[in-house]
Amino acid sequence: MEEQDIDARLREIAGRFGWVPGKGLLNAFSPPFDTSKPNLHDSKAEFLEEKRAVEDALEHIGALVRFVASRFREDEPNHLPASRVSKYIDEKARQDLSREPSKNIVELMLKNATDYGLSFVTGILLLKVESQLENRKQELADQEATYWSSPHRAPNHYARTIALRLAKLVARETGQKPTFGTSRDGGHPSTEYGRALEEIFELLGIKAHVRHPAKWAIEQITESDLKPEPVGSLFKLGKRLELESQQSKSATDKIFEALEKPSKK
């Protein structure tokens, strides 16, 4: 299903609890709540795989950066071989470079880097990449502490997050804490919140039963979550009054239309 279709379905589901879009064109087509994942990994194995990849990349790129940088420092053990190799790379790259006009931005970038000194420019770029890899390593360390440090099987954090975001929306819009229950035949959700959450899980491709995430999310709801959202609340109230007015007008019009019709004798 396309992202726009998913957002439309989410707006329809949220509308059952009284939610209306905020003011503005962008808000009119935005989902009623954030549907992004709190972390990018579906399992601890997937997380560890990226962690190892980042660590390996840092190890290799660090060695290459040090090798390129050593050509500029005479006290480095690899100063002479690094200077010779860098000189070879730069001269060979210039010889192989086409003198034809660049056809695209990539060719232009490569031409400029080669003219300036391919090994030096590469070293600068590698430093930038190394810096971003260090940032990612720190982010993964933070994620590990938050999501993957438990010795037990980790809960489905995405399922919990979506369940909580919907629970907060329901609490805010209705002023009541959402509830969850299951039917006797088949164990399907028997409350509006549970059924809505089940639909949303299916829309977002979340492979989890709603029961545990829903109960966990409901436990997190506090009194402050039951208060109407202050930002845009006047607009929302106006929107509801407008809808009610339109419905009332429509009903009144039907009455007058009926009265104006000639009676059948």
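The structure under discussion appears in the preceding block.
Residues numbered from 1 in each chain as written. Predicted model: local features only at pLDDT ≥ 70, side-chain atom pairs only at ≥ 80, totals over all residues. Heavy atoms only, no water.

**Let's talk about the nonpolar core**
Counting residues in each nonpolar core, the largest one holds 30 residues, and the members touching the most others are Phe33, Ile162, Leu166, Tyr193, Leu197, Ile200 and Phe201. If you list the elements that add at least two residues to this core, you get α1 (3–15), α7 (157–174), α8 (192–204) and α9 (211–220). Element by element, the count of residues in this core is highest for α7, at 10 residues. Residues contacting Phe201, with those up to four places away along its chain left out, are Ala159, Ile162, Ile206, Ala208, His209, Val210 and Pro213. The next biggest cluster of nonpolar side chains, apart from the first, holds 10 residues, and it includes Phe47, Val65, Leu133 and Leu140. (Core = buried A, V, L, I, M, F, W, Y, C linked by side-chain atoms within 4.5 Å. Buried < 20%, exposed > 50% of the residue type's maximum accessible area, 1.4 Å probe, protein only. Helix = DSSP H or I, 4+ residues; strand = E, 2+ residues; numbered from the N terminus. Contact = heavy atoms within 4.5 Å.)

**Considerations on the environment of Arg136**
By the secondary structure assignment, Arg136 is in helix α6 (residues 118–147). Between the C-alpha atoms of Arg136 and Glu55, which are 81 residues apart in sequence, the distance is 9.9 Å. Leave out the neighbours within four places in its chain, and Arg136 touches Leu40, His41, Glu50, Val54 and Gln143.

**Topic: the packing of aromatic side chains**
On inspection of all chains with the given rule, the structure shows three aromatic pairs. Ring plane angle 25° and centroid distance 6.0 Å describe the contact between Phe47 and Trp148, whose orientation is recorded as stacked. Taken together, the residues span a long stretch of sequence, with Phe47 in helix α3 (residues 44–69) and Trp148 in the loop between α6 and α7 at a distance of 101 residues. Summarising the burial analysis for this pair, Phe47 and Trp148 share the class buried. Note on Tyr116 and Phe120: the rings are 5.8 Å apart at their centroids and 40° apart in plane angle, and the pair reads as tilted. The exposed category is assigned to Tyr116, whose relative accessible area is 60%. An aromatic cluster is built from Phe72, Tyr116 and Phe120, whose rings are joined through pairwise contacts. (Phe/Tyr/Trp six-rings, centres within 6.5 Å; stacked < 30°, edge-to-face > 60°.)

**Some details on the pattern of salt bridges**
Evaluated as defined, the whole model comprises 14 salt bridges. Here Glu192 ties to Arg195 by a salt bridge, and the two come within 3.1 Å at their closest N and O atoms. Note that Glu192 and Arg195 are positioned in helix α8 at a spacing of three residues, about one turn of the helix. Exposure remark for Glu192: the relative accessible area of 43% places this residue in the partly exposed category. Exposure remark for Arg195: the relative accessible area of 34% places this residue in the partly exposed category. When salt bridges that share partners are traced, they join Arg9, Glu12, Arg16 and Glu199 into one network. (Salt bridge = Lys/Arg side-chain N within 4 Å of Asp/Glu carboxyl O.)

**Some thoughts on the packing of α3 against α6**
Where α3 contacts α6, the axes come no closer than 9 Å and their chain directions differ by 150°. In terms of orientation, α3 and α6 fall into the roughly antiparallel class. Judged by the sense of rotation from one axis to the other, the crossing of α3 with α6 is left-handed. (Axes fitted to C-alpha atoms, helices over the stretch in contact; angles between N-to-C directions. Parallel < 35°, antiparallel > 145°, perpendicular 65-115°, else oblique. Left-handed = near helix turned anticlockwise from the far one by under 90°.)

**Let's talk about α9**
Working note: α-helix, 3.6 residues per turn, so residues spaced by three or four point in the same direction. Considered for burial, the residues of α9 that qualify are Pro213, Ala214, Ala217 and Ile218. Each buried residue of α9 lies within a common arc of 130° when the element is viewed along its axis, so the set occupies one face. Counted as exposed and oriented over 90 degrees from the buried face of α9: His212 and Glu219. Those residues of α9 hidden inside the fold are in contact with α7 and α8. (Arc of directions from axis to C-beta.)

**Describing α8**
Over its 13 residues, α8 extends 18 Å from the first C-alpha to the last, a length consistent with the 18 Å expected when each residue adds 1.5 Å. Inspection of α8 places Tyr193, Gly194, Ala196, Leu197, Ile200, Phe201 and Leu203 among the buried residues, and these make up the whole buried set. Of the surrounding secondary structure, the elements contacted by the buried residues of α8 are α1, α7 and α9. Where α8 ends, the next residue or the one after it, Gly205, has phi of about 70°, a positive value. (Expected span 1.5 Å × (residues − 1).)

**Some remarks on the side chain of Gln143**
Examined against the element boundaries, Gln143 turns out to sit in helix α6. What makes Gln143 buried here is its relative accessible area of 11%. Within the structure, the side chain of Gln143 is placed 3.4 Å from the side chain of His41, a separation counted as a polar contact. (Polar contact = N/O pair within 3.5 Å; in protein donor to acceptor, adjacent residues only side chain to side chain.)

**A few points about a nonpolar patch on the surface**
A contiguous nonpolar surface patch, about 510 Å² in accessible area, is contributed by Phe72, Tyr116, Phe120, Ile124 and Leu127. Top contributing element to the nonpolar patch by residue count: α6, with three residues. Note on placement: Leu127 falls in helix α6. The partly exposed category is assigned to Leu127, whose relative accessible area is 42%. (Patch = residues over 30% accessible without salt bridge, like charges linked within 9 Å, V, L, I, M, F, W, Y side chains within 5 Å. Areas by Shrake-Rupley, 256 points an atom, 1.4 Å probe, with all protein chains shown as cover.)

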